[in-house]
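In case you want the letters, here they are:
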Amino acid sequence: MNVRESARFAVRGVTANPLRTALTTLGILIGVAAVIVLVAVGNGSSAAVRESLSRLGSNTLTVQASQGGTGGRAGGFGGFGGFGGGPGGVSSGTQTRTAELTLDDAEALTDATLAPHVLRVAPRVSASSVTATYDGATHTVSTFLGTSPSYLAINDDSVQKGEALTAEDWTGRRRVALVGSTVAEDLVGGDGLDVVGKTVQFNGIAFTVVGVLTDKGSTGPQDEDDRVLAPLTAVQDTLTGYGSLSAISVQAKDADSVETAQAEIEDVLNSRHHVTSQDADYSIQNPTSLLTAVTSTSQTFTVLLASVAAISLLVGGIGVMNIMLVTVTERTREIGIRKAIGARRGDIVGQFLLEAVLLSLFGGLMGVLVGLVGSRFEIVGVQPVVSASSVALAFGVAVGTGLFFGLYPANRAASLRPIEALRYE
Amino acid sequence: MTGVRVPRPVLDLRGVTKVFGAGDTAVHALGGVDLVVDRGDYVAVMGASGSGKSTLMNIVGCLDVPTRGRYLLDGVDTRRLDEGRQALVRNRKIGFVFQSFNLIPRTSAQSNVELPLAYAGVKLAQRRERAAAALARVGLADRGHHLPSELSGGQQQRVAIARAIVTEPVLLLADEPTGALDSRSTSEVLDLFDDVSAGGRTILVITHEEEVAERAHRVIRFRDGHIVSDERRAPRGAHAVVTEGAA
């Protein structure tokens, strides 16, 4: 008796009870689809985070104040939901911290002898809860940043219409602003470019909009174009006061000198703050280390999702085993007949094993289909990225599950003694 | 294998004993049975229930092995066979007919008849042809595509007989083949047995119906695991000239 013959019997067995077959396959289907979709969501969100981090540029460092002695390096970015890799990455919570970063600190970092590998330095303050008003239209700005003109270069920003910030704006404490396209469109409508030259009230303070920033797009839930940049001096005058800086953005000369630049910054700040690297009251975010941290976080997340899905696949497999045991019991007499007319052990094992594998194979195929279709939709703000290996793995595991969980019932069928099996009612 | 022209018996049981259980509760279902059935014979085994005839049928059918004694089926000592070889012997040498027909449900008559050939590894085309021929022989040539549930009891039993003879076994073993049939179907089935017997096939029928035993050429009666009478009613191969084939 060949495999084709066993397959024929197995197909007949599977199709004999369509509803039961459908329900059993559904278990496997859900398992396989869940693995594919959840792994795709995990991949998708880590891709989104990586993309948003890559916008930082590979040679920028961010210095933030932190509680003295803790020396945490990944503050603000540690959580998986921390998509804010862009300018909005710093919260206004800095003010409450004991340690402070000052304009003088930022100034010190521009020293070409102490920090030769530092190319540009941009101090940042951010104002929270800023509402922009123009001609009756209002908009709540998600990121209002006071910074220096060099910030544009560090953050790889440009102006699509109007003028960028200038050194004169800084020194003259001019109340000028660059707005992102989301802000501009909300205030003046249309493509928002007409906002250039207008005077907009930010929390009641008049700023003249001198330019519209080039679109950065949005990453995940974060709209990178919902922001306003203004000279730090003017922002301190009006919105934030003269307290601590939120952060200092530093650009190294090139990607290779990032580590060196970081060491130089540490030297300068340690001597200024009278601390050592062990009890530093600030932290430096290095995009590479940040990327590594976020990648490992998202990998953990993906593994977690995959294991949840794997459990449902396992449950599906147990469903197959359960139904196969029922089938074997139900068909005890048939097994007896088959054995009496000359079926060997292998024939019976083959038939029932094939039945189990058919169930899981069918469920697996349908699961791949459902998983692929499901991954085309955006799920909780993440565009899933299907990985071929997860599809292959889920499918393989599904079929393997059928094989594994079919083995016991098939063997049980094959070990039935024909006399007893024939008498079974 | 043979080389000798002396025909060997199809069944050769010597001191076959079957004991179920052990110690005080042991039940001697068969107590040393000696039985020789020659090729082409048509034997009916009779006895009340519990007389050991079903145990005999299981042993003769290679579904069970004797506790003691020797059983040669067509010259093959069945005690030495492992499970796989037993299956092979059942497939090649024995055709079973059961009281409850025992066709595979939801499977057409044709496929049921093909089944033993499938297990014997016969190719599909040849299988179809032989199964169709066997169905024609039992008068059901036009019922091949019917499911067992669509056939009457008599028809089902005829399909079962077709399935039993399709492999051309040395022994047709029937266990109460008419037990579940009305009188018309019974006589149809018995006519078929006569026909098969006339074709030279050896038949062993287990029954408690005199009507069935009347057709046989030799009637053996069992009581308490022993043969109490062995009566020949017609010469062996009375229906036809027996063609003794070499093994």
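Just so it is clear, the structure is predicted and the values come from calculations on it, not from any experiment.

A few words on the overall build of chain A. Each helix and strand in chain A was counted, giving 13 helices and 14 strands. Evaluated residue by residue, chain A yields a buried proportion of 50% over its 425 residues.

All names here are of chain A. At a minimum axis separation of 10 Å, helix H10 (residues 332–340) and helix H11 (residues 345–374) run at an interaxial angle of 140 degrees. In the packing of H10 onto H11, the handedness of the crossing is right-handed. The residues of H11 that touch H10, namely those facing Glu334, Ile335, Arg338 and Lys339, are Ile348, Gln351 and Phe352. Of the residues in the contact of H10 with H11, the class split is 3 nonpolar, 1 polar and 3 charged.

Now for the sheet that holds strand S6 (residues 94–97) of chain B. Residues and elements named next belong to chain B. The 6 strands are arranged S6-S7-S8-S3-S9-S10 in an open sheet whose pairing can be described as mixed. Edge positions in the sheet fall to S6 and strand S10 (226–232), since each has one partner strand and no second. Averaged over all pairs of adjacent strands, the angle between their axes in this sheet comes to 15 degrees, without regard to strand direction. Two strands pair when backbone bridges link them, and strand S3 (residues 42–46) and strand S8 (residues 202–207) are joined in this way by 5 bridges, in the parallel orientation. Its bridge partner being in S8, Val45 is matched across the sheet by Ile206. Of the strands in this sheet, S6 and strand S7 (171–175) touch helix H5 (residues 153–165), which is tilted by about 170 degrees from S6.

Residues and elements named next belong to chain B. Taken in spatial order, the 4 strands make up an open sheet running S2-S1-S4-S5, and their pairing is antiparallel. The open sheet is flanked by strand S2 (27–37) and strand S5 (76–77), the only strands paired with a single partner. The pairing of strand S1 (residues 11–20) with strand S4 (residues 68–73) spans 5 bridges and is classified as antiparallel. Looking across to S4, one finds that Asp12 is bridged to Leu72. Contacting S1, S2 and S4, helix H1 (residues 53–60) runs over the sheet at an angle of about 120 degrees to S1.

Now for unusual backbone geometry. Residues and elements named next belong to chain A. The phi dihedral of Asp135 is positive, around 50 degrees, even though this residue is not glycine. Turning to its location among the elements, Asp135 is positioned in the loop between strand S3 (130–134) and strand S4 (137–141). In this model, Arg173 sits at a positive phi of 50 degrees, which is unusual for a non-glycine residue. On the secondary structure map, Arg173 appears in the loop between helix H5 (167–171) and strand S7 (176–179).

What counts as what
- Residues numbered from 1 in each chain as written.
- Chains lettered and ligands numbered in written order.
- Predicted model: local features only at pLDDT ≥ 70, side-chain atom pairs only at ≥ 80, totals over all residues.
- Heavy atoms only, no water.
- Helix = DSSP H or I, 4+ residues; strand = E, 2+ residues; numbered from the N terminus.
- Buried < 20%, exposed > 50% of the residue type's maximum accessible area, 1.4 Å probe, protein only.
- Axes fitted to C-alpha atoms, helices over the stretch in contact; angles between N-to-C directions.
- Left-handed = near helix turned anticlockwise from the far one by under 90°.
- Contact = heavy atoms within 4.5 Å.
- Nonpolar A, V, L, I, M, F, W, Y, C, P; charged D, E, K, R; others polar.
- Pairing = 2+ DSSP bridges.

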